[in-house]
Amino acid sequence: MSAFPQPLTGIAAPLDPRGLRDNVDTDAIIPSREMRSTGREGLADGLFAPWRYTDVEARTPDPDFVLNQPEYCNAPILVAGANFGCGSSREHAVWALAEWGISAIIAESFAPIFRGNCLRNFLLPIALPASVVERLGGEAVTIDLAAQTVSAAGETHDFAIDSEAKRMLAEGLDPIDLTLTMRDEIDCWTATDRAARPWVYLESQA
Amino acid sequence: MGLTLFDKIWGAHEVAKTQGGASLIAIDRVFLHERTGAAALGRMAEMGRTVRDPARVFAVMDHIVDTRIGRGDGTLMPGGEAFISETRAACKAAGITLFDVNDREQGIVHVISPEQGIVLPGLTLVAPDSHTCTQGAFGALAWGIGSSEAEHAMVTGTLRLEKPRSMRVRFDGMLAPGVTPKDMILALIAEHGAGGGAGHVVEFTGSAIAALDMEGRMTVCNMATEFSAVTGLIAPDAKAFDYLAGRPHAPQTFDDPYWETLKSDPEAIFDREIVIDASAIAPMVSWGTSPEHTVAVSDTIPQGPAKAHDYIGLAPGAPIAGTPLDAAFIGSCTNARLSDLRRAARILEGRRIAPSIRTALAVPGSLSVKRAAEAEGLDRIFEAAGFEWRMSGCSLCFYAGGEGFPPGSRVISSTNRNFEGRQGPGIRTHIASPETVAASAITGAIADPRDYARPDAREAA
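Residues numbered from 1 in each chain as written. Chains lettered and ligands numbered in written order. Predicted model: local features only at pLDDT ≥ 70, side-chain atom pairs only at ≥ 80, totals over all residues. Heavy atoms only, no water.

Hey, could you run me through the overall build of chain B in this one?
Assigned secondary structure in chain B consists of 15 helices and 19 strands. Projected onto the principal axes, the alpha-carbon positions of chain B cover approximately 60 × 50 × 45 Å. Once local pairs closer than 6 in sequence are excluded, the contacts in chain B between residues at least 24 apart make up 75%. Element-wise, carbon and sulfur atoms account for 51% of the exposed surface of chain B, whose accessible area totals about 14,000 Å². (Helix = DSSP H or I, 4+ residues; strand = E, 2+ residues; numbered from the N terminus. Contact = heavy atoms within 4.5 Å. Areas by Shrake-Rupley, 256 points an atom, 1.4 Å probe, with all protein chains shown as cover.)

Here is the structure:
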């Protein structure tokens, strides 16, 4: 796995140039019908399919959609409104964004499952007030994860991220490997819990 | 200082603090389905990782299985059979209990988990499915995660988590006749927004919640994710314990004094509190493309985002009732349990859906629900009214590329999401209770279910 690029500088693509769009759901980011295989690859083609193509089947690009425009098609940063990534828990939404080349999303807020999925894929979700977010679309933005700042057009804004997530992103850590180093503590806890809550522990059926 | 139910469950599952200051939380149950389960199990196999305790991991085929009577592994979704066959093989290899396509107990994950006693009060349960919050109705901390987190939970028996904030949503008073649990949760989201619960675990309390049966409580908790909450839960009471006692994976009895501790202390402090007058709630129906775009069925359509009006094809200022419909759907983890089907059938009995309704589906939440409904003759009522009676599964709650509604349809649906394209490209969805779906299907346009109420329905409500 790869760590979050440090620092990241690039154009921030406004998902909707007319204003911040709230409640962008994961069905819009990647519709279920675009999840054609059981793996996590090959999803970028379906990213934002309903908005990106005028004819989804023929894959005819809609020139009005931001990621189809030459100045934004390689943007590593996406800008959106409140509750970004709501709806289905499908991690395919994050896999599709990452495969397309998005490394960070700046939004007013994020839906919780989507935010967790971002962190597990080293894609940085940054929540900032709407008044700040709406000025970032179209700007060259620098994100400094270590300093927890977003800079653009001579302004710098601090963002919050919990220390665990920050460390995971900065160092490109695999959480499963990290947790497995605590196996003894987990085993010890489980033994105690088994005595206290025996109904939790089931006999194998398979 | 008192503790909330959430505090108690969290505390009881905190194995350790991580180096980064997060909590390592023990996970008691993992539930997979074929849409995302194969991805998680496949990746684990690639990485040479194994399931720590397979006896506490379950899986079901529900998302893309065919729901037509006589089904097999074939599905109308292009490539869908690979999801089914790979999930089956991966579950077998990992020693995971699978409720397969035509297993007697197959059904939608959040319907069969309580039926099988897999979810229990006080447990932590995760599934790579956003509506896992449904199971919070039993006083479990149950929430949806992504595939990577599902792998983490299966391999380590834990998740690394920052503790969410807590919120109490209290529904005071009692529901008026003809108003349902679905209307309660839609009213909350309409008033406080689709992001209103962000970052919070929401405990639903109050007299209107206490009065609900377990199926109604599941409907309320189901849409906590549409409120952007981490999850929702309800303190278990005698109704919860009676529902679960003796089920295949549940204890025979809930006599242990431990179970009585699973409630918020009277002096517990929540980070946020919302109070709603349940008696003022009317039947609700969505008008737009987010669950927050919802009004009482007697209201007019408000001014919303231009994109929502454009997609749904309805202008602000018009009454929502009377909007002509092309299709009707009763199903999903929100509203496809026996009581939902009974209430819809009561409205449909002796009536026919309008000729303009080209597709009308009734999809039971599980095969067990289906059998129970058939034993009461509900299938014959649905069919006589013009609904197709199906096998269990998620069906057309979402469009996976296979079976769909007729192009351009406007659908009244007992599901949970009215997103653009959720039920198919260009399909316009209005979410509502099963009663409202039934009444609207008869009318051929969005209708108030109270106009079709029968005396027994009023008593039952």
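From this point, things continue past the structure.
Can you walk me through the nonpolar core in this structure?
All names here are of chain B. Ranked by internal contacts, the top residues of the largest apolar core, which has 95 residues, are Met 154, Phe 171 and Phe 204. Top element by residues in this core is helix H6 (residues 181-192). It accounts for six residues. Among all residues touching Phe 204, those that are not within four sequence positions of it are Val 169, Phe 171, Ile 185, Leu 188, Ile 209, Val 220, Cys 221, Gly 232, Leu 233 and Ile 234. Ranked by size, the runner-up nonpolar core spans 50 residues in total, among them Val 111, Ala 308, Ile 312 and Ala 385. (Core = buried A, V, L, I, M, F, W, Y, C linked by side-chain atoms within 4.5 Å. Buried < 20%, exposed > 50% of the residue type's maximum accessible area, 1.4 Å probe, protein only.)

How do you make sense of the interface of chain B and chain A when you look at a structure like this?
Quite often, the size of an interface is put as the accessible area lost when its parts meet. Listed as interface residues are 77 residues of chain B and, on the opposing side, 58 residues of chain A. The contact between chain B and chain A buries some 5,400 Å² in all, and 54% of this surface belongs to carbon and sulfur atoms. The shortest N-O distance in the salt bridge between Glu 151 of chain B and Arg 40 of chain A comes to 3.1 Å. Between the two partners, chain B and chain A, sit 33 residue pairs in polar contact (both at pLDDT 80 or more). Counting residues per element, the ones that place at least two in the side of chain B that touches chain A are helix H1 (5-13), strand S1 (14-17), strand S2 (23-26), helix H2 (37-46), helix H3 (80-94), helix H5 (147-156) and strand S8 (158-161) of chain B. Among the elements that line the side of chain B that touches chain A, the one with the most residues is H5 of chain B, at seven residues. Here the residues of the side of chain B that touches chain A are counted per class, giving 31 nonpolar, 24 polar and 22 charged. (Buried area = accessible area lost by both parts, 1.4 Å probe. Salt bridge = Lys/Arg side-chain N within 4 Å of Asp/Glu carboxyl O. Polar contact = N/O pair within 3.5 Å; in protein donor to acceptor, adjacent residues only side chain to side chain. Nonpolar A, V, L, I, M, F, W, Y, C, P; charged D, E, K, R; others polar.)

I tried to follow the environment of Glu 383 of chain B on my own but got confused; where do I start?
Tracing the chain through its elements places Glu 383 of chain B in helix H13 (residues 378-385). Glu 383 of chain B sits 22 residues away from Leu 361 of chain B along the chain, and the two C-alpha atoms are 9.5 Å apart.

Quick question: what am I supposed to make of empty space enclosed by the protein here?
Rolling a probe over the atoms, with the probe sized like a water molecule, indicates the empty space that remains. One pass over the structure, following the stated rule, counts seven cavities of 30 Å³ or more. Space inside the largest cavity adds up to approximately 260 Å³. What lines the largest cavity is a set of 23 residues, among which Ser 88 of chain A together with His 63, Asp 129, Phe 398 and Arg 422 of chain B lie closest to the centre. Broken down by class, the residue content of the lining of the largest cavity amounts to seven nonpolar, 11 polar and five charged. Looking at the second largest cavity, its volume works out to about 170 Å³. Lining the second largest cavity are 15 residues, and of these Ile 64, Val 65, Thr 75, Ser 395 and Glu 403 of chain B lie nearest its centre. (1 Å grid on protein atoms, 1.4 Å probe; cavity = no way out; pocket = protein on both sides within 12 Å on 5 of 7 lines; lining within 4 Å. Points joined across faces, edges and corners; volume = space filled by probe spheres on them.)

Honestly, the layout of surface pockets in this entry has me stumped. Any pointers?
What the largest pocket holds in volume is close to 1,000 Å³. Along the wall of the largest pocket there are 40 residues; nearest its centre are Pro 112, Arg 115 and Asp 162 of chain A together with Glu 162 and Val 230 of chain B. Mapped by element, the contributors of at least two residues to the lining of the largest pocket are helix H4 (112-120), strand S6 (124-127) and helix H6 (163-171) of chain A together with H1, strand S7 (141-144) and S8 of chain B. It is H4 of chain A that provides the largest number of residues to the lining of the largest pocket, a total of seven residues. Here the lining of the largest pocket is built from residues that sort into 24 nonpolar, seven polar and nine charged.

Looking at this structure, I do not really get the sheet that holds S1 of chain B. What am I missing?
Through backbone hydrogen bonds, the strands of a sheet pair up, either in parallel or in antiparallel fashion. Residues and elements named next belong to chain B. Here we have three strands laid out as an open sheet, ordered S1-S2-S8, and antiparallel in their pairing. The open sheet has two edge strands, S1 and S8, and neither has a second partner. Ignoring which end each strand starts from, the neighbouring axes of this sheet average 25° apart. Inspection of the sheet shows S2 paired to S8 by four bridges, in the antiparallel sense. Opposite Leu 24, over in S8, you have Arg 160 as the bridge partner. (Pairing = 2+ DSSP bridges. Axes fitted to C-alpha atoms, helices over the stretch in contact; angles between N-to-C directions.)

What am I meant to see in the sheet that holds strand S9 (residues 155-158) of chain A here?
Residues and elements named next belong to chain A. Strand order in the open sheet formed by seven strands is S6-S5-S4-S1-S7-S8-S9, with mixed pairing between adjacent strands. The open sheet has two free edges, formed respectively by S6 and S9, since each of these has just one partner strand. Each adjacent strand pair in this sheet contributes to an overall mean axis angle of 30°, direction not counted. Where strand S8 (residues 149-152) meets S9, four bridges bridge the pair, whose relative direction is antiparallel. Within the sheet, the bridge partner assigned to Val 150 lies in S9 and is His 157.

Which parts of the structure should I look at to understand the pattern of salt bridges?
Side chains carrying opposite charge are able to pair once their charged atoms draw close together. A full pass over the atoms with the stated rule returns 38 salt bridges over all chains. Linking Arg 168 of chain B and Glu 273 of chain B is a salt bridge whose minimum nitrogen-to-oxygen distance equals 2.5 Å. Of this pair, Arg 168 of chain B sits in strand S9 (residues 165-172) while Glu 273 of chain B sits in strand S12 (residues 272-277); the two residues are 105 residues apart in sequence, bridging distant segments of the chain. Accessibility expressed as a relative area gives 40% for Glu 273 of chain B, which makes it partly exposed. Here the salt bridges share partners, and the residues they tie into one network are Asp 193 and Arg 197 of chain A together with Asp 28, Asp 53 and Arg 56 of chain B.

Please explain the pairing of strand S4 (residues 77-80) of chain A as it appears in this structure.
Consecutive residues of a regular strand have side chains that alternate between opposite faces of the sheet. Residue and element names in this part refer to chain A. Residue alternation in S4 divides its side chains into two sets, Ile 77 and Val 79 and Leu 78 and Ala 80, and both sets are buried. Sheet analysis places strand S1 (residues 8-14) next to S4, joined by three bridges and oriented parallel. When the bridges of S4 are listed, Ala 13 appears paired with Leu 78. Relative to strand S5 (residues 104-107), S4 runs parallel, the two sharing four bridges. Considered in S5, the bridge of Ile 77 is made with Ala 104. In this fold, the crossover linking S4 to S5 by way of helix H3 (residues 92-100) has right-handed handedness. (Right-handed = clockwise from strand over helix to strand, strands pointing away.)

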